[in-house]
Amino acid sequence: MSLDEDNRWLEWVTKQFESIAGDDKEIDLDEFKTALKVKESFFAERFFALFDSDGSSSISLDELLKALNLLIHGNETDKLKFLFQVYDVDGQYTKHTQHFKLMLYLFAGSGSIDPDELRTVLKSCLRESAISLPEEKLDNLTLALFESADKDNSGSITFEELKAELETFPEVMENLTISAANWLKPPDLDQKKHQTPRYLTRSYWHNNSRKLLFLCGYTCLNVLLFVVAMLRHSYGGGWFMVAKGCGQCLNFNCTFIMVLMLRRCLTWLRATWVVRLLPLDQNILLHQIVGYAILLFTLVHTAAHVFNFVWLSESSEYTLWEYLLTTRPGIGWVKGTASVTGVVLQLIICLMVLCSSTFVRRSGHFEVFYWSHLSYVLVWALLIIHCANFWKWFVVPGLIFLLEKIVGVAVSRMGGLYIVEVNLLPSKVTHLVIRRPQFFHFKPGDYVYINIPVIAKYEWHPFTISSAPEQSGTSHLCQTPMTDRKDIVFTVRKTNSFFVNVCQCYVDGPFGTPTRQIFASEHAVLIGAGIGITPFASILQSIMYRYRRRKQNCPNCSYSWCENIKDSDMKLRKVDFIWINRDQKSFEWFVSLLTKLEMDQADEEPEGRFLEMHMYMTSALSKNDMKAIGLQMALDLLAKKEKRDSITGLRTRTQPGRPEWGKVFQKVSEENKGKVHVFYCGAPALAKVIKAQCEHFGFNFYKENF
């Protein structure tokens, strides 16, 4: 922290203290725990005892600020002594009742830390970080840290030995100042940073050039259509002109929104040069933008007609309600139904937009979104009746759309597809194994829509393909009688699980995603948050398959044993895989595949590893939190000793907390392996953070959507 940040932080702490403290201007242990927001009371009690300098069983504001000033402005030795006192509990924590715990902490420790004290602290660290390890593993962690720190083999750790041990972990020493004041962080609102809005930066415009140019063209086209339609109907007055201008824009947008969801056409276009000109990978975002544009145009179109009808009703035999809700005025090319169909269209479009909102789709009401969205067929039918010219806009895209649907139905009904295995994995992941038909060909990262009639006869849900196209089968099905069959594995997040022995299903697809750009990259960074890892299962396997084939060269003459893989098929020189999970259990379902990928790179290569993995567990306290320093040191030491991470069992060490994206991308940039493409799948909030960092470093960013 800078000096200004320190002062602002202390001011915030003072306000927090005053809001918690009562009339006596002091806080007790329970209030201190509330302020700390810790899961494990051990650290709260230790900190409270060390802050309570007069032993009054309460902390005054003066005592708190004195301790915090020492931790913030004190030298390195002061902070290390505080950490040592936290660990030096004399073993009495586990030998006395809760009533005496606080009083015991008021006495000075023994001046050294024995194995029992260290084990007590590490056990509390594990609870605080929501990490579950067997007692044997906890003993190994304690032994690893104790043996490393006890330099003289005296059976206890002194302050000087702890200091020497900490100095072997540079990142701990670097963050010690931050960690000392990490329990009462000021809110983000108090840390205002004056920065140029990202939308005004040069890097943002460079990295979003295709989307911005497309939106500019889209906007200009709508303005042109609006103006031309207004001029052509200038004879009808101002409101009539506005209504006709919006109507012409609706003719275009109600057709264009369909074009953006032609999945087969878009999948085909992704393999052509068009992908370099148009933002095909952002078709869903553009679909949403066009949807909101339709809502806006319909509201203005309807309002303009209402005002126009008010004006007409003053000089005609028909009332306003007759103009709006009857066919008597004869407005419209199909028996005067323009007004009635217009009202119905307005209601349906508003309902579709409402049911498409995030809070509906993400709150367990996907069926509401799904079935309301199917009313697009009714919208198109009503538009043909409502507007005399709509069919001219609709006929060509409509035929393509119909052709796609016919092909989809035909493809999904070809061959007998059966689900042969269903597993409910951690993180609410449903894992299906489906017999792969001979005609089914896909690329890494593709997805399909699956219909399971016995569950929901008319519902189709997106499933990510998690097996690689190069795989001839799956290991857990090799024991079946049909040993020559090819299987395909699909993974999807679902709230409810189902269990079947052998179940018939229909598959529509595959459809391409932004991840198809991975093999055209030089340095790919794959980022999955939680269940967002599923698209990368297929990709990682395919990458390593191609990498192994490419590396089978003679060391003497450079002769290749596999000539059907050319350099143009995969330009990748480096892959960084980042997986962020909430808790320890979320790693379990994907670990077996990651272990296999690690084994493919058992030995370090001259230019470094081709595939690097980075695991993050957000529930674990980060290394810049004083409560976690001992645990993270122990996990590091044991990982080096066993060559395996204690949390996941991988060789890759699981990092606590969230990634510091600035440092992560700075390291990627310094590796200088070529143009960097970042592929992300996960929560939209994190996507914004990562995208902003990509724009800062000049990386291309792709967000997985289906």
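So, how was this worked out
- Residues numbered from 1 in each chain as written.
- Predicted model: local features only at pLDDT ≥ 70, side-chain atom pairs only at ≥ 80, totals over all residues.
- Heavy atoms only, no water.
- Helix = DSSP H or I, 4+ residues; strand = E, 2+ residues; numbered from the N terminus.
- Buried < 20%, exposed > 50% of the residue type's maximum accessible area, 1.4 Å probe, protein only.
- Contact = heavy atoms within 4.5 Å.
- Areas by Shrake-Rupley, 256 points an atom, 1.4 Å probe, with all protein chains shown as cover.
- Pairing = 2+ DSSP bridges.
- Patch = residues over 30% accessible without salt bridge, like charges linked within 9 Å, V, L, I, M, F, W, Y side chains within 5 Å.
- Salt bridge = Lys/Arg side-chain N within 4 Å of Asp/Glu carboxyl O.
- Arc of directions from axis to C-beta.
- UniProt positions renumbered as here; feature names shortened; annotations may be inferred.
- Phe/Tyr/Trp six-rings, centres within 6.5 Å; stacked < 30°, edge-to-face > 60°.
- Axes fitted to C-alpha atoms, helices over the stretch in contact; angles between N-to-C directions.
- pLDDT = per-residue confidence, 0-100.
- Lys, Arg positive; Asp, Glu negative; His and termini not counted.
- Charge placed at Lys NZ, Arg CZ, Asp CG, Glu CD.
- Parallel < 35°, antiparallel > 145°, perpendicular 65-115°, else oblique.
- Nonpolar A, V, L, I, M, F, W, Y, C, P; charged D, E, K, R; others polar.

## Considering the overall build of the protein chain
Here is step 1: Check the secondary structure of the protein chain and you find 26 helices and 14 strands.
Here is step 2: The burial tally for the protein chain puts 50% of its 706 residues in the buried class.
Here is step 3: Pairs at least 24 residues apart make up 71% of the contacts formed inside the protein chain by residues separated by at least 6 positions.
Here is step 4: Accessible area for the protein chain stands at about 35800 Å²; split by element, carbon and sulfur atoms hold 58% of it.

## Description of the pairing of strand β9 (residues 523-529)
Here is step 1: The buried count for β9 comes to 7 of 7 residues, which makes it a mostly enclosed element.
Here is step 2: Residues of β9 alternate between two faces, with His523, Val525, Ile527 and Ala529 on one and Ala524, Leu526 and Gly528 on the opposite face, all of them buried.
Here is step 3: As paired strands, β9 and strand β10 (residues 574-581) are joined by 7 bridges and run parallel to one another. Looking across to β10, one finds that His523 is bridged to Lys574.
Here is step 4: In this sheet, strand β13 (residues 676-681) lies alongside β9 in parallel orientation, the contact comprising 6 bridges. Across the sheet, residue Ile527 finds its bridge partner in β13, namely Tyr680.

## Here we look at a nonpolar patch on the surface
Here is step 1: A contiguous nonpolar patch, built from Trp333, Trp391, Val395, Val396, Leu399, Ile400, Leu402 and Ile406 and spanning about 780 Å² of accessible area, is present on the exposed surface.
Here is step 2: Residue placement: Leu399 occurs in helix α21 (residues 390-413).
Here is step 3: Judged by relative accessible area, which is 53%, Leu399 ranks as exposed.

## Focus: helix α23 (residues 591-599)
Here is step 1: Taken residue by residue, α23 has Val591, Leu593, Leu594, Leu597 and Glu598 as its buried positions. Along the long axis of α23, the arc covered by the buried residues comes to 160°, so they all point the same way. Opposite the packed face of α23, turned more than 90 degrees from it, sit the exposed residues Ser592 and Met599.

## Digging into the UniProt feature "transmembrane region" (unreviewed entry) in the protein chain
Here is step 1: The UniProt feature table records "transmembrane region" (unreviewed entry) at residues 212-231, 289-311, 331-356, 368-391 and 524-543.
Here is step 2: Here residues 289-311 is 100% helix and 0% strand, with 33 Å between the C-alpha atoms at its ends.

## Section: the environment of Ser124
Here is step 1: You can see Ser124 is positioned in helix α7 (residues 115-128).
Here is step 2: Using a relative accessible area of 2% as the deciding quantity, one classes Ser124 as buried.
Here is step 3: Between the C-alpha atom of Ser124 and that of Lys627, which follows or precedes it by 503 residues, the distance is 8.9 Å.

## Details of the packing of aromatic side chains
Here is step 1: For the structure on display, the rule yields 24 aromatic pairs.
Here is step 2: When the centroid spacing of 6.2 Å and the interplanar angle of 65° are considered together, the rings of Phe252 and Trp393 count as edge-to-face. With a gap of 141 residues between them, Phe252 in helix α13 (residues 238-259) and Trp393 in helix α21 connect regions that are remote in the sequence.
Here is step 3: Residue Phe252 is classed as buried on the basis of its relative accessible area, which comes to 12%.

## A word on the pairing of strand β5 (residues 447-451)
A regular strand places its side chains so that they alternate between the two faces of the sheet.
Here is step 1: By the criterion of burial, β5 is predominantly enclosed, with 5 of the 5 residues buried.
Here is step 2: A two-sided burial pattern is seen for β5, the buried positions comprising Tyr447, Tyr449 and Asn451 on one face and Val448 and Ile450 on the other.
Here is step 3: As paired strands, β5 and strand β8 (residues 503-511) are joined by 4 bridges and run antiparallel to one another. What sits directly across from Ile450, in β8, is Val507.
Here is step 4: Pairing geometry for β5 and strand β6 (residues 461-465), over 4 bridges, is antiparallel. Across the sheet, Ile450 pairs through a bridge with His461, a residue of β6.

## A short note on the pattern of salt bridges
Here is step 1: If you walk through the whole model with that rule in mind, you get 14 salt bridges.
Here is step 2: With a shortest N-O distance of 2.5 Å, Arg264 and Asp508 are connected by a salt bridge. Remark: Asp508 occurs in strand β8 and Arg264 occurs in helix α14 (residues 263-269); sequence separation between them is 244 residues.
Here is step 3: Among the residues examined, Asp508 registers a relative accessible area of 16% and is labelled buried.
Here is step 4: Of the charged contacts, one joins Arg328 and Glu322 as a salt bridge, the two residues approaching to 2.2 Å between their closest N and O atoms.
Here is step 5: The exposure class assigned to Glu322 is buried, which follows from its relative accessible area of 14%.
Here is step 6: When salt bridges with common partners are traced through the structure, they connect Lys574, Asp576, Glu612, Lys667 and Glu671 into a single cluster.

## Regarding the sheet that holds strand β14 (residues 700-703)
Here is step 1: Here 6 strands make up an open sheet; going across it, the order is β12-β11-β10-β9-β13-β14 and the pairing parallel. Where the open sheet ends on each side, the last strands, each with one partner, are β12 (654-656) and β14. Taking the axes of each pair of neighbouring strands and ignoring which way they run, one obtains an average angle of 20° across the sheet.
Here is step 2: Of the pairings in the sheet, the one linking β13 to β14 comprises 4 bridges and is parallel in character. Bridge pairing in β14 links Phe679 to Tyr702.
Here is step 3: Along the sheet, α23 contacts β10 and β11 (611-617); its crossing angle with β11, the most-contacted strand, is approximately 145°.

## Digging into unusual backbone geometry
Here is step 1: Cis rather than trans, the peptide bond between Gly509 and Pro510 has omega equal to 5°.
Here is step 2: Here Pro510 lies in strand β8.
Here is step 3: With phi around 55°, Asn153 is a residue other than glycine that occupies positive phi space.
Here is step 4: Of note, Asn153 is situated in the loop between α8 (135-149) and α9 (159-166).
Here is step 5: The phi dihedral of Lys335 falls on the positive side, at around 55°, and the residue is not glycine.
Here is step 6: Inspection of the secondary structure assignment puts Lys335 in the loop between α16 (320-325) and α17 (338-355).

## So, the confidence of the model for the protein chain
Here is step 1: The pLDDT averaged across the protein chain works out to 77; a share of 79% of its residues lies at or above 70.
Here is step 2: Highest mean pLDDT in the protein chain belongs to α13 (93); lowest belongs to helix α6 (residues 98-105) (35).
Here is step 3: Low pLDDT, under 50, characterises residues 492-500; the stretch is placed with 21 contacts to residues that sit more than four places away or in other chains.

## A look at the environment of Thr595
Here is step 1: Looking at the secondary structure, you find Thr595 in helix α23.
Here is step 2: Given a relative accessible area of 23%, Thr595 falls into the partly exposed group.
Here is step 3: For the pair formed by Thr595 and Thr652, sequence separation is 57 residues and the distance between their alpha carbons is 9.4 Å.

## With respect to a negative patch on the surface
Here is step 1: On the surface, a cluster of negative charge is made up of Asp23, Asp24, Asp28 and Asp30.
Here is step 2: On the basis of relative accessibility, which here comes to 53%, the residue Asp24 falls in the exposed class.

## A few points about the packing of α8 against helix α24 (residues 629-642)
Here is step 1: It is the contact of α8 with α24, at a shortest axis distance of 8 Å, that shows an interaxial angle of 95°. What the angle tells us is that α8 and α24 run roughly perpendicular. Residues Lys137, Asn140, Leu141, Ala144, Leu145, Glu147 and Ser148 of α8 lie in contact with α24, whose contacting residues are Gly630, Leu631, Met633, Ala634, Leu635, Leu637, Leu638, Lys641 and Glu642.
Here is step 2: Split into classes, the residues belonging to the contact of α8 with α24 amount to 9 nonpolar, 3 polar and 4 charged.

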